[in-house]
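# Tertiary structure, described
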Amino acid sequence: MSLRGRFILSHILPVLLIMPLLGVVLIYLLETQVLLQSLSNNLTQQAVIIGALTNGRPDIWSNDEEASAFLTQLRNQVQSDVVLLAPSGDELAASQDGPDEANATPDIQSLTNGRRQVVITYQLDEQSATIFLPVIDVNNQLVGIVQVSDELQSVANSFSPLARFVLLVMGTGLLLSVLIGLLLAVRLEKPIDAVATAVSDIANGRRISAIPETGSRETKEMAHSVNVLAARLQELEDTRQRLLANMVHELARPLGALKAAVNVLREGASDDPALRAELLEGMDNTISHMEPLLEDLARLHGQILGNLTFNLQEIPLGEWLPPLLLPWRAAAQEKGVIWHSDLPASLPAVCLDPDRMAQAVGNLVSNAIKYTAVGGSVTVLAGESANEVWIEVADTGPGIDQDEQERIFEPFYRSNRQRRFPQGLGLGLTIAKEIVVGHNGRLSLDSTPGRGSTFTIYLPK
Ligand code: ADP
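The shown structure was predicted, so the numbers you read here are calculated from the model rather than taken from an experiment.

### Some remarks on the overall build of the chain
- Each helix and strand in the chain was counted, giving 11 helices and 12 strands.
- Compactness check: the chain gives a C-alpha radius of gyration of 53 Å against a globular reference of 23 Å for 461 residues, more than 25% above the reference.
- Out of the 461 residues belonging to the chain, those deemed buried represent 36%.
- Across the chain, contacts joining residues at least 24 apart in sequence account for 64% of those joining residues at least 6 apart.
- For the chain, the accessible area works out to roughly 27,100 Å², and carbon and sulfur atoms hold 57% of it.
- Distance between charge centres in the chain, computed from 34 positive and 53 negative side chains, equals 14 Å.

### Re the domain arrangement of the chain
- On domain assignment, one finds that the chain holds domain 1 (3–162), domain 2 (214–307) and domain 3 (313–460).
- The interface of domain 2 with domain 3 comprises 14 residues on the first partner and 15 residues on the second.
- For the pair domain 2 and domain 3, the two sides together bury roughly 1,400 Å², of which 57% comes from carbon and sulfur.
- Taken together, the links from domain 2 to domain 3 amount to zero salt bridges.
- Applying the counting rule to domain 2 against domain 3 returns zero residue pairs in polar contact (both at pLDDT 80 or more).
- Considering every element that reaches the side of domain 2 that touches domain 3, the biggest residue donor is helix α7 (residues 217–266), with seven residues.
- Counted by class, the side of domain 2 that touches domain 3 contains five nonpolar, five polar and four charged residues.

### Quick look at the packing of helix α10 (residues 354–370) against helix α11 (residues 428–438)
- Where α10 contacts α11, the axes come no closer than 9 Å and their chain directions differ by 145 degrees. As for how α10 packs across α11, the hand of that crossing is left-handed. In this structure, α10 contributes Arg-356, Met-357, Gln-359, Ala-360, Asn-363, Leu-364 and Asn-367 to the contact, and α11 contributes Gly-428, Leu-429, Ile-431, Ala-432, Ile-435 and Val-436.

### Some thoughts on the environment of Thr-44
- For Thr-44, the location among the structural elements is in helix α1 (residues 3–53).
- Along the backbone, Thr-44 and Phe-132 are 88 residues apart, and their C-alpha atoms lie at a distance of 8.4 Å.
- If sequence neighbours within four positions are ignored, Thr-44 has contacts with Arg-116 and Ile-131.

### Overview of helix α9 (residues 317–335)
- Taking 1.5 Å of rise per residue, 19 residues should cover 27 Å, and α9 covers 27 Å from first to last C-alpha, within 8% of that figure.
- For α9, the full list of buried residues reads Leu-317, Gly-318, Trp-320, Leu-321, Leu-325 and Ala-332.
- In the core, the buried residues of α9 are packed alongside β6 (313–316), β7 (338–342), β8 (349–352), α10, β9 (377–384) and β10 (388–395).
- In the stretch just after α9, Gly-336 is the one whose phi turns positive, near 95 degrees.

### Digging into the pairing of strand β12 (residues 452–460)
- Where burial is concerned, most of β12 is hidden: seven out of the nine residues are buried.
- Direction of pairing for β10 relative to β12: antiparallel, over a ladder of eight bridges. What sits directly across from Trp-390, in β12, is Tyr-458.
- Examined bridge by bridge, strand β11 (residues 442–448) and β12 share seven bridges and lie antiparallel to one another. From the neighbouring strand, Arg-442 faces β12, where its bridge partner is Tyr-458.
- Count of turn residues in the β11/β12 antiparallel hairpin: three residues, of which Gly-450 carries a positive phi of about 95 degrees.

Quick notes on the rules
Residues numbered from 1 in each chain as written. Predicted model: local features only at pLDDT ≥ 70, side-chain atom pairs only at ≥ 80, totals over all residues. Heavy atoms only, no water. Helix = DSSP H or I, 4+ residues; strand = E, 2+ residues; numbered from the N terminus. Rg over C-alpha atoms; globule rule 2.2 N^0.38 Å. Buried < 20%, exposed > 50% of the residue type's maximum accessible area, 1.4 Å probe, protein only. Contact = heavy atoms within 4.5 Å. Areas by Shrake-Rupley, 256 points an atom, 1.4 Å probe, with all protein chains shown as cover. Lys, Arg positive; Asp, Glu negative; His and termini not counted. Charge placed at Lys NZ, Arg CZ, Asp CG, Glu CD. Domains from an automatic or database assignment. Buried area = accessible area lost by both parts, 1.4 Å probe. Salt bridge = Lys/Arg side-chain N within 4 Å of Asp/Glu carboxyl O. Polar contact = N/O pair within 3.5 Å; in protein donor to acceptor, adjacent residues only side chain to side chain. Nonpolar A, V, L, I, M, F, W, Y, C, P; charged D, E, K, R; others polar. Axes fitted to C-alpha atoms, helices over the stretch in contact; angles between N-to-C directions. Left-handed = near helix turned anticlockwise from the far one by under 90°. Expected span 1.5 Å × (residues − 1). Pairing = 2+ DSSP bridges.

Here it is as structure tokens:
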């Protein structure tokens, strides 16, 4: 059975079970407490009237025929079964032939004492009331007994308009509860259905759009979790695809160059020692350009596996930074990029892993030089505030678009705008950020497209 069907059933089942039970109980109470009671009151009144009519007619109680004649006179006025009994309890006359349906026997003892007797029989198929009324003469003697009995008409008969009304109310209630059940079931089922579809789409590798986070707290949480899960998976998938694309791109270029060099060598260039040396030199250069790519990958692999451990030391920044930047200064000058730096010797000592932090600073400076055109400038500054030290790397390169400023820190993300520069795998900033954050610091970016970019490392003192 579908989820919706189950929901509906669970909503109407209680009504289906309770309503008939309630009906039976109501009918029982109505019959025993109200109807039978009023029937017996009615019968008692009849018996009292009949008893009064026999007053002054002792012949009725001594003569069967007189008794029968008396009942025949009554027949038109009284609908109930009337039996006249002698003081001994023997039947003198009955208004109806056949056995006494009520099956009640008089208690002569109490009747002799002048007490009337009410017998109520309640069986599933038949409910009846019988009244025994003693007739007492002036001498206080029991002269006869008037027995009046009648069956209770079934409630359905005597109360048919009421019964119809009750049925109508019950039917309407049932219909309403089915409708409400349906509504609730649909509302309950909808988010679950959406989540099930989304999860199955994810399982089948399809891209899903965020499911609406509405409804009860639980369904909201469920939808939210699925959305987060889908976003994470999508992110991983995007990262994987970017990695593959970048790898193919980065490996294809040097491999193409190597292949071409090998072909030239094969076709006889090895006979020319000068050309051969030049080609081998080129191949060597190409191979050494590929090495940083592999290093980046290996590092990222290590970080993803979570073993980014730091070998923390007290490092006086004022002494540590200048020699670290010397090779970068040479690289900038070699490219034709103007280099500025201002690194106060008074900078405090900070607890850090010198190798890792050198890598983070190096990635920023290397990017600044890489993305700055000849004639531009790169500036490295450092300083301290109340509880932080900062190292700033600024360039006059192309800058980074606002919408890319977050994304460039994602693994393998490379901007589309910087295509004219030889980009790397897109891991440099990811690694730099991981290292800085690992030192409880932060890496901020301030960039105006067309003007340049400023990356700043903040480290707690
Ligand atoms: P890559 O190895 O491609 O340089 P990074 O993670 O270091 O990877 O940088 C990601 C992207 O951010 C680069 O592809 C480039 O588009 C952009 N970027 C990084 N640094 C700069 C910068 N100083 N100026 C302009 N764009 C930059």
